Amino acid sequence: MQGGVFDFQDNEEPALVNPTATAYQFYITDLESRLGAYAPGLAEQLMGLGRSYRDQGLFEEAVTVFKRAVHLSRINNGLNDAAQIPVLEQLIQTLISSGEYEAADERQYYLYRLQQRLYSAGDPQLTAAMMRRAKWEQQAYALSVGEESFNRLLTMWQLYSTVVNTIAQTQGGGSMLLLEPLNGMVETQYLIAAYDGKASTSIQFGEAGSGDPDVERFNLIQVNNFRQGQAVLSAIRDVLRANENEASSKSTEALIDLGDWMLWHGKIRSAQEIYREAWAELSLKPDAEGLLNHHFGSPQLVPTLSGAHRDLEAPEAIQGYAELSYAVNSRGRVYDLELVSNQPGEATPDADPNTLMRRLQRKLFRPRFDNGEPADTVNITKRYAY
């Protein structure tokens, strides 16, 4: 057909010119009619159709098509063939986009097991697979998907640790490739520090001798939480210092993160000493004024790492808005907390901001610094959703 979507010549397969959903459907139908339901190349065209559906927000249709593509790939190439990996990744992405987290979790598990069978230890593709799995575990933990939370935290720590060891052995201890998994380890340690044990009564009181090896391993990580987090943050600073020039502030920012870790664990004096050291380092940088103002110009809720805390974010169902006034002392504690105004939603006229206020009262802040010393900050007024 000249001037159309397809160009048929001498019974050759049609050349796909315009990859719309209709075009993919037409091409798939042609392949099936000529070469059967398991035609070579059919899985690839199904994947294209699935992407087209997903881009249009047709998630149910996309999932159905991707599942068929995975099935065909296994039949044509074998259960352990790498050809199904990109199809599985597309399926997982679609399941996540449609909110089917449990199903996505099952597919993530299968994908990782497949990659373990395909790639040997030290293979960059297996290292990348470990990072993707660890990031999914972190996302699933935030969403409270499926299994007990402590298992996800344990898996995250083990995967990130393995990636760090692999990169250090193959690239050297100063490789910048270490930063991503090291940061993942820090975020994991913050989550472990905040873990309250409610998901598993067997570890709630940290008792030894439970008989469950995963519980024992997690207990050990909890006991060593402060030391391990401190070691990882120091390693991040070492990597940055080995790779930066004098004008860079990245290693000093890692030092500030170490101070935040100290503060989080109640080691106020150690935190303040580290902050003073960071202040002195930033004072020597070309953009000293801007850097000092950014990091120490106002109280900062700790930890500042995006994946490490889940409090004081706007809830999915907002009941109202509260304007709060408070102060933060030189030790990072909130005081003089007052409700300035409360604006409940129309559907929640009796909404109460007291829970929000209690959460804020318990939070820790990196204090404001004035001339290199921690200082109180008063008359802070902010509006929060609750």
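Residues numbered from 1 in each chain as written. Predicted model: local features only at pLDDT ≥ 70, side-chain atom pairs only at ≥ 80, totals over all residues. Heavy atoms only, no water.

**Structural notes on the overall build of the chain**
Point 1. Along the chain, the regular secondary structure elements total 14 helices and 7 strands.
Point 2. Residues counted as buried form 44% of the 386 residues belonging to the chain.
Point 3. Total accessible area computed for the chain in this model is approximately 19,900 Å², and 47% of it derives from carbon and sulfur atoms. (Helix = DSSP H or I, 4+ residues; strand = E, 2+ residues; numbered from the N terminus. Buried < 20%, exposed > 50% of the residue type's maximum accessible area, 1.4 Å probe, protein only. Areas by Shrake-Rupley, 256 points an atom, 1.4 Å probe, with all protein chains shown as cover.)

**Regarding helix α13 (residues 288-296)**
Point 1. Those residues of α13 lying buried are A288, L291, L292, H295 and F296. One side of α13 holds all its buried residues, which, seen down the axis, span an arc of 95°. Opposite its buried face, α13 presents the exposed residues E289, N293 and H294, each directed more than 90 degrees away.
Point 2. In this structure, the buried side of α13 is in contact with α11 (250-264), α12 (268-282), β1 (300-301), β4 (365-366) and β5 (368-370). (Arc of directions from axis to C-beta. Contact = heavy atoms within 4.5 Å.)

**Observations regarding the pattern of salt bridges**
Point 1. In this structure the tally under the stated criterion is 12 salt bridges.
Point 2. A salt bridge links R366 to D260, with the shortest nitrogen-to-oxygen separation between them at 2.7 Å. Remark: D260 occurs in helix α11 and R366 occurs in strand β4; sequence separation between them is 106 residues.
Point 3. When salt bridges that share partners are traced, they join D105, R133, E137 and R152 into one network. (Salt bridge = Lys/Arg side-chain N within 4 Å of Asp/Glu carboxyl O.)

**Notes on the packing of aromatic side chains**
Point 1. Scanning the model with the defined rule gives 10 aromatic pairs in all.
Point 2. Between Y195 and F218 the ring centres are 5.4 Å apart and the planes differ by 80°, which places this aromatic pair in the edge-to-face class. Within this pair, whereas Y195 is found in the loop between α8 (179-194) and α9 (213-223), its partner F218 is found in helix α9, the two being separated by 23 residues in sequence. Each member of the pair, Y195 as well as F218, is classed as buried.
Point 3. Here the aromatic rings of W279 and F369 are separated by 6.2 Å at their centres, their planes lie at 25°, and the arrangement is stacked. Taken together, the residues span a long stretch of sequence, with W279 in helix α12 and F369 in strand β5 at a distance of 90 residues. There is no split in this pair, since W279 and F369 are both buried.
Point 4. The positively charged end of K267 is found above the aromatic ring belonging to F226, 4.8 Å away from the centroid. (Phe/Tyr/Trp six-rings, centres within 6.5 Å; stacked < 30°, edge-to-face > 60°. Lys NZ or Arg CZ within 6 Å of the ring centre and 35° of its normal.)

**Focus on the packing of helix α10 (residues 225-243) against α11**
Point 1. Between α10 and α11, whose axes approach to 8 Å, the crossing angle comes to 170°. Comparing their axes, α11 and α10 come out roughly antiparallel. Of α11, the residues touching α10 (which contributes N225, F226, G229, Q230, L233, S234, I236, R237, L240 and R241) are K250, S251, T252, A254, L255, D257, L258, W261 and M262. (Axes fitted to C-alpha atoms, helices over the stretch in contact; angles between N-to-C directions. Parallel < 35°, antiparallel > 145°, perpendicular 65-115°, else oblique.)

**Comments concerning the sheet that holds strand β7 (residues 377-385)**
Point 1. Strand order across the open sheet formed by 3 strands is β3-β2-β7, with antiparallel pairing between neighbours. The outermost strands of the open sheet, each flanked by one partner alone, are β3 (334-344) and β7. Ignoring which end each strand starts from, the neighbouring axes of this sheet average 15° apart.
Point 2. By the bridge criterion, 7 bridges tie strand β2 (residues 320-328) to β7 in an arrangement that is antiparallel. Bridge pairing in β7 places L324 opposite K382.
Point 3. Seen against the sheet, helix α14 (residues 354-362) touches β2, β3 and β7 and runs at an angle of roughly 155° to β3. (Pairing = 2+ DSSP bridges.)

**Let's talk about unusual backbone geometry**
Point 1. The omega torsion of the bond from V302 to P303 falls at 0°, within 30 degrees of zero and hence cis.
Point 2. With respect to the helices and strands, P303 occurs in the loop between β1 and β2.
Point 3. Within the chain, D336 stands out as a residue other than glycine whose phi angle is a positive 55°.
Point 4. Mapped onto the secondary structure, D336 falls in strand β3.
Point 5. The phi dihedral of N371 is positive, around 55°, even though this residue is not glycine.
Point 6. If you trace the backbone, N371 turns up in the loop between β5 and β6 (373-375).

**Some details on the pairing of β2**
Point 1. Judged by how many residues are buried, β2 sits mostly within the fold: 7 of 9 residues are covered.
Point 2. As defined by bridge partners, β2 adjoins β3 across 8 bridges and the pair is classed as antiparallel. If you follow S325 over to β3, its bridge partner there is E338.
Point 3. Connecting the antiparallel pair β2 and β3 is a turn made up of 5 residues, with G332 showing a positive phi of about 90°.

**Points about the nonpolar core**
Soluble globular proteins tend to pack their nonpolar side chains together in the buried interior.
Point 1. Grouped together as the largest cluster of nonpolar side chains are 88 residues, with contacts concentrated most on L153, L182, I236 and F296.
Point 2. Residues contacting L153, with those up to four places away along its chain left out, are Y141, T188, L191, I192, Y195 and F218.
Point 3. Residues L324, Y326, V334 and L360 belong to the second largest nonpolar core, which totals 15 residues. (Core = buried A, V, L, I, M, F, W, Y, C linked by side-chain atoms within 4.5 Å.)

**Some points on helix α2 (residues 42-55)**
Point 1. In a regular helix each residue adds 1.5 Å, so 14 residues correspond to 20 Å; α2 covers 20 Å between its end C-alpha atoms and thus fits that length.
Point 2. The buried fraction of α2 amounts to 11 of the 14 residues, a majority that puts the element mostly inside the structure.
Point 3. Residues L42, A43, Q45, L46, M47, G48, L49, G50, S52, Y53 and R54 constitute the buried set of α2.
Point 4. The secondary structure elements touched by the buried residues of α2 are α1 (21-35), α3 (59-77) and α4 (84-97).
Point 5. Count one or two residues on from α2 and you reach G57, which has phi positive near 80°. (Expected span 1.5 Å × (residues − 1).)

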